[in-house]
Amino acid sequence: MRTLLTWFFHACFFMGLSAQVVLHEQVCFPEEIPAGGYSGITWLGDDRYAVVSDNSPHPGFFTFHIDIDSTGMIRSVKNLGFTGHTDPGRDQEGIAWFAPDSTLFISDETHNQVRELRLDATPTGRQLPLPKVFEGASRNYGMEALTYQSATHRFWTTSESTLPGDGPQTTATNGVRNRLRLLAFDDSLQLEGQYLYEMEEVHPLVPAQTFVCGVSALTALDDGRLLVLERDAAIPESKIGAMANCRIYMVRPTPCHRLREDVELVAQTPLSKTLVAEWTTSIGLLDFSFANYEGMCLGPKLPDGGQVILLVADSQNQYAGVLSDWFRTLVIY
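Before going into details, it helps to say that this report is about the structure given with it. These numbers come from a predicted model, not from an experiment. (Residues numbered from 1 in each chain as written. Predicted model: local features only at pLDDT ≥ 70, side-chain atom pairs only at ≥ 80, totals over all residues. Heavy atoms only, no water.)

### Describing the layout of surface pockets
One number sums up the size of the largest pocket: a volume of about 600 Å³. Lining the largest pocket are 27 residues; nearest its centre among them are Thr-210, Val-212, Ile-235, Asn-292 and Gln-316. Among the elements of the structure, strand 16 (210–220) and strand 17 (226–235) are those that each provide at least two residues to the lining of the largest pocket. Across the lining of the largest pocket, the residue classes tally to 12 nonpolar, five polar and 10 charged. (1 Å grid on protein atoms, 1.4 Å probe; cavity = no way out; pocket = protein on both sides within 12 Å on 5 of 7 lines; lining within 4 Å. Points joined across faces, edges and corners; volume = space filled by probe spheres on them. Helix = DSSP H or I, 4+ residues; strand = E, 2+ residues; numbered from the N terminus. Nonpolar A, V, L, I, M, F, W, Y, C, P; charged D, E, K, R; others polar.)

This is the structure:
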């Protein structure tokens, strides 16, 4: 009996299979983890994870030790230090461990790049060759989500919101659904294909002075399926009543879904998707659970066969002393 679990979800996946998904409570470790804008995470093996912050003074990454028990619950998180380069800081949003070369790829929203770093944080000079349409990506809604899967030899990345050439972006009031180009690259960093992904329409529960909406993270599974984290947050001027909504969907991109590089998205059919898990956090007079989850990655497999997925939230350096650097896991069976 798993007494520490919050919700159980039953999702009908593809090929007629069903799966049970367990979402654990979020946890934080303020004495161990420095305040940050943690926006991306990737598994390095064993209990070590590389984590990027979008407000680091220099390009680079933290190494965290994350202890996960046999149910998939996070027991502790410890900061093992920051590895950085002397270049000026970038808006680092996603990170992926590239096992074939033992390097890291990091997505950068400031320059709309996905470039490769060695483990000492020095650039190798290589980057993913993004299609020309991505050159116009909005600075605050540019390259965000990033993942790599050794079993399928594929990188996956996308912009956070709709590219300017592909239509309007979701706002708190326009009822528009973001339409994104999921990009797949092979081990030689060549573009394998583009795939259309459409987000859900959002309905903010509070009047929003600040509103954000987009795909903040991707995680590739070893069977070719892809987890997509849709996140929207509405924050009123007083901050009390702020809400953050997260939904994780599963898609299975196949060659028949590929788009031509120069195709317009208006008349295209998006990938079919299945809801895996969803939750909402908030700020209230006695509730400070608000968590803007921006990082997600594959973790270990449990003794009972469950696949752990880790998530990390961006607290904007523990904004106003109210927000926390939250972590949580879900387990897919």
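### Notes on a nonpolar patch on the surface
Taken together, the side chains of Ile-240, Leu-285 and Leu-286 present a nonpolar region at the surface, about 390 Å² in accessible area. Tracing the backbone shows Leu-286 in the loop between strand 19 (274–282) and strand 20 (293–301). (Patch = residues over 30% accessible without salt bridge, like charges linked within 9 Å, V, L, I, M, F, W, Y side chains within 5 Å. Areas by Shrake-Rupley, 256 points an atom, 1.4 Å probe, with all protein chains shown as cover. Salt bridge = Lys/Arg side-chain N within 4 Å of Asp/Glu carboxyl O.)

### Notes on the pattern of salt bridges
One pass over the structure, following the stated rule, counts 16 salt bridges. Across the pair Glu-192 and Arg-258 runs a salt bridge whose closest N-O atoms are separated by 2.3 Å. Placement of the pair is Glu-192 in strand 15 (residues 191–198) and Arg-258 in the loop between strand 18 (243–251) and strand 19, with a sequence separation of 66 residues. Lys-273 is the partner of Glu-230 in a salt bridge, and the nearest nitrogen-oxygen pair spans 2.7 Å. A residue pair is termed long-range when its members are at least 10 positions apart, and Glu-230 in strand 17 and Lys-273 in the loop between strand 18 and strand 19 qualify at 43 residues. The network of salt bridges with common partners includes Arg-177, Arg-179, Glu-198, Glu-200, Glu-230 and Lys-273.

### What about the sheet that holds strand 15?
In space, the four strands of this open sheet follow the order 12-13-14-15, with antiparallel pairing throughout. Because the sheet does not close on itself, it has two edges, and the strands there are strand 12 (143–149) and strand 15. This sheet shows a mean twist of 20 degrees between the axes of neighbouring strands, independent of strand direction. Relative to strand 14 (residues 179–185), strand 13 (residues 154–159) runs antiparallel, the two sharing three bridges. The partner of Phe-155 across the bridge, within strand 14, is Phe-185. (Pairing = 2+ DSSP bridges. Axes fitted to C-alpha atoms, helices over the stretch in contact; angles between N-to-C directions.)

### What about empty space enclosed by the protein?
In total, this model carries two cavities of 30 Å³ or more according to the counting rule given. What the largest cavity holds in volume is close to 50 Å³. Together, 15 residues line the largest cavity, and Gly-94, Leu-146, Ala-217, Glu-294 and Met-296 are the ones closest to its centre. Mapped onto the lining of the largest cavity, the elements with two or more residues apiece are strand 4 (38–45), strand 8 (92–98), strand 12, strand 16 and strand 20.

### Observations regarding the side chain of Glu-116
Inspection of the secondary structure assignment puts Glu-116 in strand 10 (residues 113–117). Since its relative accessible area comes to 2%, Glu-116 is described here as buried. A distance of 2.6 Å separates a polar atom in the side chain of Glu-116 from a polar atom in the side chain of Thr-103. Only 2.7 Å separates the side chain of Glu-116 from the side chain of Thr-124, close enough to count as a polar contact. Residues in contact with Glu-116, not counting those within four places in the same chain, are Phe-98, Asp-101, Thr-103, Leu-104, Phe-105, Thr-122, Pro-123, Thr-124 and Arg-126. (Buried < 20%, exposed > 50% of the residue type's maximum accessible area, 1.4 Å probe, protein only. Polar contact = N/O pair within 3.5 Å; in protein donor to acceptor, adjacent residues only side chain to side chain. Contact = heavy atoms within 4.5 Å.)

### Regarding the sheet that holds strand 16
On the basis of which strands lie adjacent, the open sheet formed by four strands has the order 16-17-18-19 and antiparallel pairing. At either end of the open sheet lies a strand with only one pairing partner, and these are strand 16 and strand 19. Ignoring strand direction, the axes of neighbouring strands in this sheet form an average angle of 15 degrees. Alignment of strand 16 against strand 17, held across 10 bridges, turns out to be antiparallel. Within the sheet, the bridge partner assigned to Val-215 lies in strand 17 and is Glu-230.

### Section: the packing of aromatic side chains
On inspection of all chains with the given rule, the structure shows 13 aromatic pairs. For the pair Tyr-38 and Phe-62, a centre-to-centre distance of 5.6 Å together with 85 degrees between the ring planes defines the contact as edge-to-face. Pair noted here: Tyr-38 is in strand 4 and Phe-62 is in strand 6 (residues 60–68), with a separation of 24 residues, a long-range link. Accessibility assignment for this pair places Tyr-38 and Phe-62 in one class, buried. Summarising the aromatic geometry, the rings of Phe-98 and Tyr-148 are spaced 5.0 Å apart at their centres and angled 85 degrees between planes, so their arrangement reads as edge-to-face. You can see Phe-98 sitting in strand 8 and its partner Tyr-148 sitting in strand 12, a full 50 residues away along the chain. (Phe/Tyr/Trp six-rings, centres within 6.5 Å; stacked < 30°, edge-to-face > 60°.)

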